[in-house]
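One letter stands for each residue in the lines below.
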Amino acid sequence: MSKKPIIGGIILAVIIGVVFVGAEINPDNHPENIKDSEVFHIRLADSSLYENGVYSEMFQIEKGVYKFRFVPNGDSPQKLSIKLLAESGVVLMDNHFELEGTLIDDGISSWYTWDYLSKDNILKIDESQQVKIFVSPNGNLKGPVSIGLVSIK
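Residues numbered from 1 in each chain as written. Predicted model: local features only at pLDDT ≥ 70, side-chain atom pairs only at ≥ 80, totals over all residues. Heavy atoms only, no water.

Asks: I'd like a description of the overall build of the chain, backed by residues and values.
Replies: Looking only at helices and strands, the chain features one helix and nine strands. Carbon and sulfur atoms make up 56% of the accessible area of the chain, which amounts to about 10,200 Å² in all. (Helix = DSSP H or I, 4+ residues; strand = E, 2+ residues; numbered from the N terminus. Areas by Shrake-Rupley, 256 points an atom, 1.4 Å probe, with all protein chains shown as cover.)

In structure tokens form, the structure reads like this:
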């Protein structure tokens, strides 16, 4: 009887065991432990599709702390205005974001990275509720931008 299949089986069992032990040691990869979860997402690409050039939508938001994430490029709007209203009409957030490019030069080539900056990007919701979001590119939408609202627990 050949010992090769037995040795191969033992090696395979050890590899599988190491993978499972590694997954238990690093619980951050478990889906229930992922801290950021997106509750809202929109990709603005053509302001003529929205009423008066302003995108709006109702959605449910749970109690917690949130922040906006952006995926812009150099042609994205220079200024974005985002307003969140509770169903009762109370303003939960009224913020303006400015696009800023950072030149990266590694000596061989150079490129820009883009991000939206504002005085405050954190939103605290005290109770679960329906909210209405308004996103205005302030009349400047040559290029697309993706906007997401994520929970930060």
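Asks: Any details on the pattern of salt bridges? Residues and values, ideally.
Replies: Close approach of charged atoms allows side chains of opposite charge to pair. Enumeration according to the criterion identifies two salt bridges in this entry. Of the charged contacts, one joins Asp-126 and Lys-124 as a salt bridge, the two residues approaching to 3.8 Å between their closest N and O atoms. Given the relative accessible area of 55%, Asp-126 is considered exposed. (Salt bridge = Lys/Arg side-chain N within 4 Å of Asp/Glu carboxyl O. Buried < 20%, exposed > 50% of the residue type's maximum accessible area, 1.4 Å probe, protein only.)

Asks: Give me the lowdown on the sheet that holds strand S2 (residues 55-61), citing residues and values where you can.
Replies: Reading across from one edge, S2-S8-S4-S5-S6 is the order of the five strands in this open sheet, with antiparallel pairing throughout. Of all strands in the sheet, those bounded by a partner on one side alone are S2 and strand S6 (110-117). Recorded for the sheet is a direction-independent mean angle of 20° between the axes of neighbouring strands. Both strand S5 (residues 91-105) and S6 contribute to a ladder of eight bridges, which runs antiparallel. Paired with Leu-103 across the strands is Tyr-112, a residue of S6. (Pairing = 2+ DSSP bridges. Axes fitted to C-alpha atoms, helices over the stretch in contact; angles between N-to-C directions.)

Asks: Please set out the nonpolar core residue by residue, giving values where relevant.
Replies: Among the nonpolar cores identified, the biggest contains 25 residues, and Phe-68, Leu-84, Ile-133, Ile-147 and Leu-149 are the most heavily contacted of them. Elements represented by at least two residues in this core include exactly strand S1 (36-44), S2, strand S3 (64-71), strand S4 (79-86), S5, strand S7 (122-125), strand S8 (129-136) and strand S9 (145-152). Aside from chain neighbours lying at most four places away, what touches Ile-133 is Phe-40, Tyr-55, Ser-56, Glu-57, Phe-59, Phe-68, Ile-82, Lys-83 and Leu-84. (Core = buried A, V, L, I, M, F, W, Y, C linked by side-chain atoms within 4.5 Å. Contact = heavy atoms within 4.5 Å.)

Asks: Help me get a handle on the environment of Asp-120, residues and values and all.
Replies: Its place among the elements puts Asp-120 in the loop between S6 and S7. Look at Asp-120 and you get partly exposed, because its relative accessible area is 38%. Considered as a pair, Asp-120 and Asn-95 are 25 residues apart in the sequence and their alpha carbons are 7.6 Å apart.

Asks: Give a detailed account of the packing of aromatic side chains, specifying residues and quantitative values.
Replies: If you walk through the whole model with that rule in mind, you get eight aromatic pairs. Both rings, one in Phe-40 and one in Tyr-55, keep their centres 6.4 Å apart while their planes meet at 45°; by these two values the pair is tilted. Pair noted here: Phe-40 is in strand S1 and Tyr-55 is in strand S2, with a separation of 15 residues, a long-range link. Phe-40 sits in the buried class, given a relative accessible area of 4%. Classification of Tyr-55 by relative accessible area gives buried; the value is 10%. With 5.4 Å between their ring centres and 85° between their planes, Tyr-50 and Tyr-55 make a pair best called edge-to-face. Ring pairing ties together the aromatic residues Phe-40, Tyr-50, Tyr-55 and Phe-59, which thus form one cluster. (Phe/Tyr/Trp six-rings, centres within 6.5 Å; stacked < 30°, edge-to-face > 60°.)

Asks: Describe the side chain of Ser-146, with residues and values.
Replies: Structurally, the position occupied by Ser-146 is in strand S9. Relative accessible area serves as the criterion here: at 14%, Ser-146 is assigned to the buried category. Not counting residues up to four positions away in its chain, the partners in contact with Ser-146 are His-41, Ile-42, Arg-43, Arg-69, Phe-70 and Val-71.

Asks: Break down the environment of Pro-144 for me, with residues and values.
Replies: With respect to the element layout, Pro-144 can be found in the loop between S8 and S9. Residue Pro-144 is classed as partly exposed on the basis of its relative accessible area of 23%. Along the primary structure Pro-144 and Pro-77 are separated by 67 residues, whereas in three dimensions their C-alpha atoms are 8.0 Å apart. Excluding anything up to four places from it in sequence, Pro-144 contacts Arg-43, Leu-44, Ala-45, Asn-73 and Ser-76.

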